[in-house]
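Listed below are the residues making up each chain.
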Amino acid sequence: MSVELLTLLFFGSLLVFLLLGTPLAFVLGGVSVVFLYFEMGDIGFYLLASKMWETMQNPTLMAIPLFVFMAILLEKSGVANDLYDMMHQWWGGLRGGLAIGTVLICVIFAAMSGISGAAVVTMGTIALPKMLERGYDKKLALGAINAGGGWGILIPPSILMVLYALLTEVSVGRLFAAGVGPGLTLFVLVSLYIGIRCWLQPDLGPALPPEERASWGQKFRSLRAVILPILIVTIVLGAIFGGFATATEAAAIGVFGALFATGVNRQLSWKVIHEASIATLKLTALIIWILFAAHAFSTAYTALGASSLIGDLMSYIPGGRWGALAFMLVVLFFFGMVLDPVGIMLITLPVFLPVVQQAGFDPIWFGILFIIMMEVGYMTPPFGFNLFYLKGVAPAGVTMGDIYVSVIPYVIVTLVGVFLIILFPNIALYLPNLFYN
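Residues numbered from 1 in each chain as written. Predicted model: local features only at pLDDT ≥ 70, side-chain atom pairs only at ≥ 80, totals over all residues. Heavy atoms only, no water.

### A word on the overall build of the protein chain
Counting its regular elements, the protein chain contains 22 helices and zero strands. Expected size for 437 residues packed as a compact globule is a radius of gyration near 22 Å; at 22 Å, the protein chain falls within 12% of this value. For the protein chain, the C-alpha atoms occupy an extent of roughly 75 × 45 × 45 Å along the three principal directions. Within the protein chain, buried positions represent 54% of all 437 residues. Look at the contacts in the protein chain between residues 6 or more apart in sequence, and 79% of them connect residues 24 or more apart. Accessible area for the protein chain stands at about 18,800 Å²; split by element, carbon and sulfur atoms hold 69% of it. (Helix = DSSP H or I, 4+ residues; strand = E, 2+ residues; numbered from the N terminus. Rg over C-alpha atoms; globule rule 2.2 N^0.38 Å. Buried < 20%, exposed > 50% of the residue type's maximum accessible area, 1.4 Å probe, protein only. Contact = heavy atoms within 4.5 Å. Areas by Shrake-Rupley, 256 points an atom, 1.4 Å probe, with all protein chains shown as cover.)

### Some details on the packing of aromatic side chains
Following the criterion strictly, the structure yields nine aromatic pairs and no others. Geometrically, the ring pair formed by Trp151 and Phe187 is edge-to-face, given 6.5 Å between the ring centres and 90° between the ring planes. Here Trp151, found in the loop between α8 (138–149) and α9 (159–168), pairs with Phe187, found in helix α10 (residues 172–200); they are 36 residues apart in sequence, far enough to count as distant. As far as the burial class goes, Trp151 and Phe187 line up, both buried. Here the aromatic residues Tyr164, Phe366 and Phe370 are joined through ring pairs into a cluster of three or more. (Phe/Tyr/Trp six-rings, centres within 6.5 Å; stacked < 30°, edge-to-face > 60°.)

### A short note on the side chain of Thr185
Considering the arrangement of structural elements, one finds Thr185 in helix α10. Within the local environment of Thr185, its side chain forms a polar contact with the backbone oxygen of Gly181, the two atoms lying 2.8 Å apart. (Polar contact = N/O pair within 3.5 Å; in protein donor to acceptor, adjacent residues only side chain to side chain.)

### With respect to the confidence of the model for the protein chain
Low pLDDT means the predicted atomic positions in that stretch should not be read closely. Looking at the protein chain, pLDDT values average 81 and 91% of them are 70 or higher. Of all helices and strands in the protein chain, the one with the weakest mean pLDDT is helix α15 (residues 306–315) (63), whereas helix α21 (residues 408–423) scores best (94). (pLDDT = per-residue confidence, 0-100.)

### With respect to the packing of α9 against helix α18 (residues 363–379)
If you want to describe how two helices pack, look at the angle between their axes and the distance between the axes. Packing of α9 against α18 leaves a shortest axis separation of 11 Å and a crossing angle of 135°. The pairing of α9 with α18 is recorded here as oblique in orientation. Read as a crossing pair, α9 and α18 show a hand that is right-handed. Seen from α9, the contacting residues are Leu160, Met161 and Tyr164; seen from α18, they are Pro363, Phe366, Gly367, Ile368, Phe370, Ile371 and Met374. (Axes fitted to C-alpha atoms, helices over the stretch in contact; angles between N-to-C directions. Parallel < 35°, antiparallel > 145°, perpendicular 65-115°, else oblique. Left-handed = near helix turned anticlockwise from the far one by under 90°.)

### Details of the packing of α18 against α21
Their axes nearest at 11 Å, the elements α18 and α21 cross at an angle of 175°. One element, α18, and the other, α21, form an angle in the roughly antiparallel class. On α21, the residues touching Trp365, Leu369, Ile372, Met373, Glu375, Val376 and Met379 of α18 are Tyr410, Val411, Thr414, Leu415, Val418, Ile421 and Ile422. Of the residues contributing to the contact of α18 with α21, the split by class is 12 nonpolar, one polar and one charged. (Nonpolar A, V, L, I, M, F, W, Y, C, P; charged D, E, K, R; others polar.)

Structure, rendered in structure tokens:
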């Protein structure tokens, strides 16, 4: 049977079972094992089991439950309330200042948590009602939270980056370092958008009246709120980038820091630890099944002759390797509208990686582009996760239509950031080359 027909049957089977509502990990794993058996026979099972066993022995895998546990603890620690009070005092006197400050908190939360939903839910609960009370434009405020919340998977530490590194066998440390520059670039672009638009249209983000602005003494006292978050981020990332600890060891240090922050804010209890542990167990088990499915999928599709087929297909795309890159980013953009990021990773990486290698692109650089497109997927309708997170915590009067419309300019700004990273690769590669030369 030709590789074209096998590919059609393979992806057709995946689509049928997905439409039937079967969980993605089981669809990918089950269909892949069936096709692998008919293509390779019994040896396919041994090959797959060997790959899974090799993955289970990878110490980097331990970083996933540790980073998840750290994120959940920080979410329960009360750090976000202190950060918002600080931001309100420092930025409230500027047009659009509350929105820019909220985006800055999303950066700090991203550097502490490693997941997307934490910042969206927290800022949607704390910052959104206060911005609306101050007369901020609904769509401006919603879009700022949606955009900033997605940086949890880009600014290190990032659980999605750990998964990408495991699937592509690149360095987690280099990938973490590569996420810093693009994350700060997107923060600057989004802040410029908010600031310029509110300068041109003051009614969209009015500044606090002079009598409500904090004194310099209050502002400096409020900076105490950032000590613990900055300390945690500095210790975790400094240990990784400085070569003092692996990603797994740094994650363990981050858990200790999160426990300390929760205790300082008087939120630490056996109930909190128990709830965080159970949530971590559930999410980690889900991720492990996803990894097994990913290996089954990549092994099966490679056995079916994927490399030759992809090479032939890419030869028909105009523009050479840059045309191929554009095609892959467009595919990721549209997949992000309907699939979750981990599912997209499972489906596309086995197909895209050979193309990336043949084109001579740096897999770390491509990984950052991939992660940013997953971030765009979190915020684009109809099924972006952040859209539903935000709707779940938004005040009455905020409709799903408001949330859908609010993301449009922020998606455009993010895509401008992607273009800048393509144009200037050192935005992503400067720090990895500096720390891991």
